[in-house]
Amino acid sequence: MKKFLSGDEAIARGAFEYGATFAAAYPGTPSTEIIENILPYKEIYAEWSPNEKVALEVAIGASLAGARSLVAMKHVGVNVAADPLFTAAYTGVNGGLVIVSADEPSLHSSQNEQDNRNFAPFAKIPMLEPSDSQEAKDLVGEAFRISEEYDTPVLLRITTRIAHAKGLVECYERQEVEVKEYKKNAAKYCMVPANARKRRVFVEERTRLLSEFSETFLYNRIEWGDKSIGIITSGISYQYAREVFGAKASYLKLTMTWPLPEKLMREFAEGVEKLYVVEELDPFLENQVKAMGIPVIGKELLPNMFEFTPELLRQKFFGVDPASNPVTEVEIPPRPPVLCAGCPHRPVFYILKKHRVPVMGDIGCYGLGLQPPLEAVDTTVCMGASVGMTHGFQKASAWNGVPRKVVGVIGDSTFFHGGMTGVADMVFNNGSGVIVVLDNRTTAMTGHQPHPGTGITGKGEVTDEIKIEDVVRALGVRDVQIVDSYDLQAVDQAVRHALDFDGPSVVICRRACALLKGLPDLGKAVINQEQCTRCHACLRTGCPALVSHPDKSVTIDTNACNGCFVCGQVCPVGAIEKVGGGERG
Amino acid sequence: MAKVTNVLLVGVGGQGTILATKVLAGVLQDEGYDVKMSEVHGMSQRGGSVVSFVRYGDRVYSPLVEQGTADLILAFEKLEALRWLPYLKAEGTMVVNDLEILPAPVLLGKASYPYNALEILAGKVRELVTVKAAQLAEEKAGNARTQNIVLLGALAKRMGIAPGTWERVIRASVPP
Ligand SMILES: Cc1ncc(C[n+]2csc(CCOP(=O)(O)OP(=O)(O)O)c2C)c(N)n1
């Protein structure tokens, strides 16, 4: 039966069909839907882990216990998981172990762009790259097989346009795969220097064997067409090249992109007149072709950053511009993403802006706090960085004779991901930063996944809820306050107190994400036009439910309003009323 | 190469373009076409501009539609119709919802909304179809949230696919 699946959905289906019994991940675009689509399978244990390092370690443990295991993460997640990855490459596996890296060329929702194909030679593990949803599913099976046969973790590398593009996929029944027996084997699993040195040699030999395998791997294939142009390509770039060149070129479609099939590549190069590599991001294949001494054109023609498109190839190869139908008369205003109406992060940023202190930001919906009119965040680096950067900023300022208070803001999911150790550092080293935890009771940015603070697992089971206040107190923070994010005055007082406090301080601003299901009805805010002085104080909250009109009047879009009543609290003349809803729940 | 038809569904995050795309793709699959679809999730859901590309034919390679090649654009909002107009081919059709959703820079008074969007489109698009989806949804279904299905209906009329197929797929993919 054919199903219309995204690459992510197809990978989930592959985990099911090829007998996986274990999966773990921390969410991150564009990888999130992989585990989201595995969680409903009752044949597979699956979990959201607190971060990618833990997710991979959990999957390594599951592999040792004999289970076919899959772990998924976005590109930057592999940086977090790199430590276990590089040594799991030495220990090898028991049950097959597949690591999915979902890269994001063009940074649609990421803080950087990186080409995770580089991890394969770096960690010395094989890599497969699907070019559509069908291959995404099939390659999960191939990856498990390679993993078990060659005793290695396998990297399955996709990009946004594989993860989030859909195509028709032939689906089959599940193959039950026997869970392997676990045998204690220190020489293989205890990577102390004496053992690791031996496994180091094994890894080289494995790479050699995998190179041979790559030569005959059916998914590495030559598609002969016109031989005046030869294109070496992989992943989504293969589809773009086919789209643009059709039968007017020959293709070497690589699927196992590490280790590479050198003989096959030479055979292809010899068979064509002019050789190109078409690949997004780094000259990964190109450098290998060049190292083989084969002349090839790659990055001198095609960019080394951002996504490709078929138009881009047409422009670069043939100099043709798309036949577009441009709009010239008017300027088209951009439509950037915004904090939603009723977002509990908004009032906190509104207050932080007033205090005029450096604010070390973090990653999540609250990253949107950098936009006007709030403009409350000074930095965004990586998950958890807010805490360490707050401490470093505060310490360096004091050390160099310009003492000042610094605030870090971090989301609840991010706190569990990478914030806790930073807090330990602040306490340990006598810091006095202020950490504001934006506890909206979920991982909102990636679509509301549960985390250790929510009291519910990915599978929907009830579990103990880890309270952030308990964690920070246990880490030695003495000044801990908890406030309702919607209560502007309470947030203001708590921040003021924390800034005056001598020592590390934590303010937990708690209020559920307004988009979560099952929240109490808070009613709607309505502007009394007779009382309104059109001062626009409310617009400075940046709530998208507030609509300003050409005559300077402001109204509230009742369909959009979620009843947080932050606008009502900033109105200097009390012109905003609350209609309907219960007490502020 | 056999003909591939290109469709864009464009709108604002939260308007239901993703569900509409799912229905459209289901219909095309039912009709026996090879279908590919591409969209970007993530940041775009927070009220940003969203686009879904749908391509169908005997064999589809790229999931992306190229500029100037769309046979049909279904725009859930007028500003987004203008934004994605460069993707429409000269003889293409555009179905646009007569709806304005003001983006943040306009709400903040930093940019102005092109309120004459329909006039501009009329001057550029060979076949422009304007739909008052909110009103129709309210009248026919008593629920403005079914706007996306109303818009799909307008698209369906221009695709030459049996109404029965649409009905079947909608029943299967839309919660009652
Ligand atoms: C290492 C890493 N993993 C995952 C992500 C993707 N990601 C960005 S923000 C975020 C979650 C943020 O959740 P939370 O801190 O609760 O903030 P919220 O979005 O709810 O405001 C995730 C998973 C990332 N950027 N980096």
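Residues numbered from 1 in each chain as written. Chains lettered and ligands numbered in written order. Predicted model: local features only at pLDDT ≥ 70, side-chain atom pairs only at ≥ 80, totals over all residues. Heavy atoms only, no water.

## With respect to the overall build of chain A
When its secondary structure is counted, chain A shows 20 helices and 22 strands. Expected size for 585 residues packed as a compact globule is a radius of gyration near 25 Å; at 27 Å, chain A falls within 12% of this value. Considered along the principal axes of its C-alpha atoms, chain A spans approximately 80 × 65 × 55 Å. Buried residues in chain A amount to 60% of all 585 residues. Within chain A, contacts between residues separated by at least 24 positions form 74% of all contacts whose residues are at least 6 apart in sequence. Total accessible area computed for chain A in this model is approximately 23,300 Å², and 54% of it derives from carbon and sulfur atoms. In chain A, the 60 positive side-chain charges and the 71 negative ones have mean positions that sit 2 Å from each other. (Helix = DSSP H or I, 4+ residues; strand = E, 2+ residues; numbered from the N terminus. Rg over C-alpha atoms; globule rule 2.2 N^0.38 Å. Buried < 20%, exposed > 50% of the residue type's maximum accessible area, 1.4 Å probe, protein only. Contact = heavy atoms within 4.5 Å. Areas by Shrake-Rupley, 256 points an atom, 1.4 Å probe, with all protein chains shown as cover. Lys, Arg positive; Asp, Glu negative; His and termini not counted. Charge placed at Lys NZ, Arg CZ, Asp CG, Glu CD.)

## Remarks on the pairing of strand S19 (residues 524–527) of chain A
Residues and elements named next belong to chain A. Here S19 shows a buried face lined by Ala525 and Ile527 and an unburied face lined by Lys524 and Val526. Bridge analysis of S19 against strand S22 (residues 576–579) gives four bridges, and the strand direction is antiparallel. By the bridge assignment for S22, alanine 525 is matched with lysine 578. (Pairing = 2+ DSSP bridges.)

## Things to note about the site of the ligand
All names here are of chain A. Around the ligand, a shell composed of 26 residues is seen, among which Glu52, His345, Asp412, Thr414 and Ala444 lie nearest. Taking tyrosine 366, its side chain carries an N or O atom lying 3.4 Å from an oxygen atom of the ligand. One of the backbone nitrogen or oxygen atoms of methionine 445 is found 2.9 Å away from an oxygen atom of the ligand. For the ligand, the accessible surface in isolation is 580 Å², of which the surrounding protein chains cover 97%. Comparing atom positions with the cavity grids shows the ligand to sit within the second largest pocket. Residue assignment for the shell around the ligand shows that the elements contributing at least two residues are helix H4 (75–80) and helix H17 (412–428). With four residues, the top contributor of residues to the shell around the ligand is H17. (Near = heavy atom within 4 Å. Polar contact = N/O pair within 3.5 Å; in protein donor to acceptor, adjacent residues only side chain to side chain. 1 Å grid on protein atoms, 1.4 Å probe; cavity = no way out; pocket = protein on both sides within 12 Å on 5 of 7 lines; lining within 4 Å. Sits in = over half its atoms within 2 Å of the grid points.)

## Describing the interface of chain B and chain A
At the interface, 53 residues of chain B touch 55 residues of chain A. Counting the surface lost from both chain B and chain A, the interface buries some 4,700 Å², and carbon and sulfur atoms represent 59% of this. Scanning the region where chain B abuts chain A turns up four salt bridges. The tally of links between chain B and chain A comes to 13 residue pairs in polar contact (both at pLDDT 80 or more). Elements with a minimum of two residues in the side of chain B that touches chain A: helix H1 (17–30), strand S2 (34–39), strand S3 (49–57), helix H2 (78–84), strand S5 (88–97), helix H3 (104–107) and helix H4 (117–124) of chain B. The greatest single-element share of the side of chain B that touches chain A, amounting to six residues, is contributed by S2 of chain B. Looking at chain direction, strand S8 (residues 165–170) of chain A and S2 of chain B are connected through three bridges and run antiparallel. Bridging from a neighbouring strand, glycine 167 of chain A pairs with lysine 36 of chain B of S2 of chain B. (Buried area = accessible area lost by both parts, 1.4 Å probe. Salt bridge = Lys/Arg side-chain N within 4 Å of Asp/Glu carboxyl O.)

## Observations regarding H4 of chain B
All names here are of chain B. Residues Ala117, Ile120 and Leu121 constitute the buried set of H4. Mapping the buried residues of H4 onto a view down its axis gives an arc of 95°, with all of them on the same face. Within H4, the exposed residues directed more than 90 degrees away from the buried face are Glu119 and Gly123. On its buried side, H4 packs onto H2, S5 and strand S6 (127–131). (Arc of directions from axis to C-beta.)

## With respect to the layout of surface pockets
All names here are of chain A. Taken as a whole, the second largest pocket spans an internal volume of roughly 650 Å³. In this structure, the second largest pocket is lined by 39 residues; those nearest its centre are Gln111, Ile363, Gly364, Met383 and Met445. Elements supplying a minimum of two residues to the lining of the second largest pocket: H4 and H17. Here the residues of the lining of the second largest pocket sort into 15 nonpolar, 20 polar and four charged. (Points joined across faces, edges and corners; volume = space filled by probe spheres on them. Nonpolar A, V, L, I, M, F, W, Y, C, P; charged D, E, K, R; others polar.)

## With respect to the environment of alanine 120 of chain A
Residue and element names in this part refer to chain A. Assignment of secondary structure puts alanine 120 in helix H6 (residues 119–123). Taking relative accessible area as the criterion, alanine 120 reaches 0% and is therefore assigned buried. In the structure, alanine 120 is positioned 36 residues away from leucine 156 in sequence and 9.8 Å away in space, judged by C-alpha atoms. Contact partners of alanine 120, with chain neighbours within four places excluded, come to Ile125, Met127, Leu155 and Trp258.

## Focus on the environment of asparagine 304 of chain A
Residues and elements named next belong to chain A. With respect to the helices and strands, asparagine 304 occurs in the loop between helix H13 (284–291) and helix H14 (310–318). Taking the C-alpha atoms as reference, asparagine 304 lies 7.1 Å from proline 283; in sequence the two are 21 residues apart. Discounting chain neighbours no more than four positions away, the residues touching asparagine 304 are Leu281 and Lys299.

## A short note on the packing of aromatic side chains
All names here are of chain A. Evaluated as defined, the whole model comprises 20 aromatic pairs over all chains. Taken together, a centroid distance of 6.3 Å and an interplanar angle of 65° make the contact between tryptophan 258 and phenylalanine 284 edge-to-face. Of this pair, tryptophan 258 sits in strand S12 (residues 256–258) while phenylalanine 284 sits in helix H13; the two residues are 26 residues apart in sequence, bridging distant segments of the chain. Accessibility classification places tryptophan 258 together with phenylalanine 284 in one group, the buried group. Above the plane of the ring of phenylalanine 202 lies arginine 199, whose end atom (NZ or CZ) is 4.0 Å from the centre. (Phe/Tyr/Trp six-rings, centres within 6.5 Å; stacked < 30°, edge-to-face > 60°. Lys NZ or Arg CZ within 6 Å of the ring centre and 35° of its normal.)

## Side note on the sheet that holds strand S14 (residues 359–360) of chain A
Residue and element names in this part refer to chain A. Pairing in this open sheet of five strands is parallel, and the strands run S14-S15-S16-S18-S17 from one edge to the other. Each edge of the open sheet is held by one strand with a lone partner, namely S14 and strand S17 (479–484). H17 rests against strand S15 (407–411), strand S16 (434–439) and strand S18 (505–510) of the sheet, and its axis sits at about 145° to S15. (Axes fitted to C-alpha atoms, helices over the stretch in contact; angles between N-to-C directions.)

## Focus: the domain arrangement of chain A
On domain assignment, one finds that chain A holds domain 1 (2–216), domain 2 (221–324), domain 3 (345–510) and domain 4 (524–579). Once you take the C-alpha centre of each, domain 2 of chain A and domain 3 of chain A turn out to be 47 Å apart. (Domains from an automatic or database assignment.)

## Things to note about the nonpolar core
In terms of nonpolar packing, the biggest core is built from 81 residues, with Ile38 and Leu70 of chain A together with Leu8 of chain B touching the most fellow members. In terms of residues, this core owes the most to one element, helix H7 (residues 133–150) of chain A, which gives seven residues. Counting the residues that make up this core, at least three belong to each of domain 1 (2–216) and domain 2 (221–324) of chain A. Contacts of leucine 8 of chain B, omitting those with residues within four sequence positions, involve Val51, Ser52, Phe53, Val65, Ala70, Leu72, Ile73, Leu74, Trp84 and Tyr87 of chain B. Counting residues in each nonpolar core, the second largest holds 66 residues, with Phe349, Val387, Val423 and Ile527 of chain A among its members. (Core = buried A, V, L, I, M, F, W, Y, C linked by side-chain atoms within 4.5 Å.)

## Things to note about the confidence of the model for chain B
The predicted coordinates ought not to be read in detail in places where the model reports low pLDDT. Looking at chain B, the pLDDT average stands at 89 and 94% of residues meet or exceed 70. Overall fold confidence for the complex sits at a pTM of 0.97, while the interface term, ipTM, reaches 0.94. (pLDDT = per-residue confidence, 0-100.)

## Looking at the sheet that holds S6 of chain B
The strand order across the open sheet formed by eight strands is S1(A)-S8(A)-S2(B)-S3(B)-S1(B)-S4(B)-S5(B)-S6(B), and the pairing between neighbours is mixed. Here the strands that pair on one side only, and so sit at the sheet edges, are strand S1 (2–6) of chain A together with S6 of chain B. Put simply, the sheet's adjacent strands are angled 20° from each other on average, direction ignored. Looking at chain direction, S2 of chain B and S3 of chain B are connected through six bridges and run antiparallel. Among the inter-strand pairings, glutamate 39 of chain B is bridged to a residue of S3 of chain B, identified as serine 52 of chain B. Strands S1 and S8 of chain A together with strand S1 (4–12), S2 and S3 of chain B of the sheet are contacted by H1 of chain B, whose axis makes an angle of about 160° with S1 of chain B. The sheet strands contacting H4 of chain B are S5 and S6 of chain B, and the helix crosses S6 of chain B at an angle near 155°.

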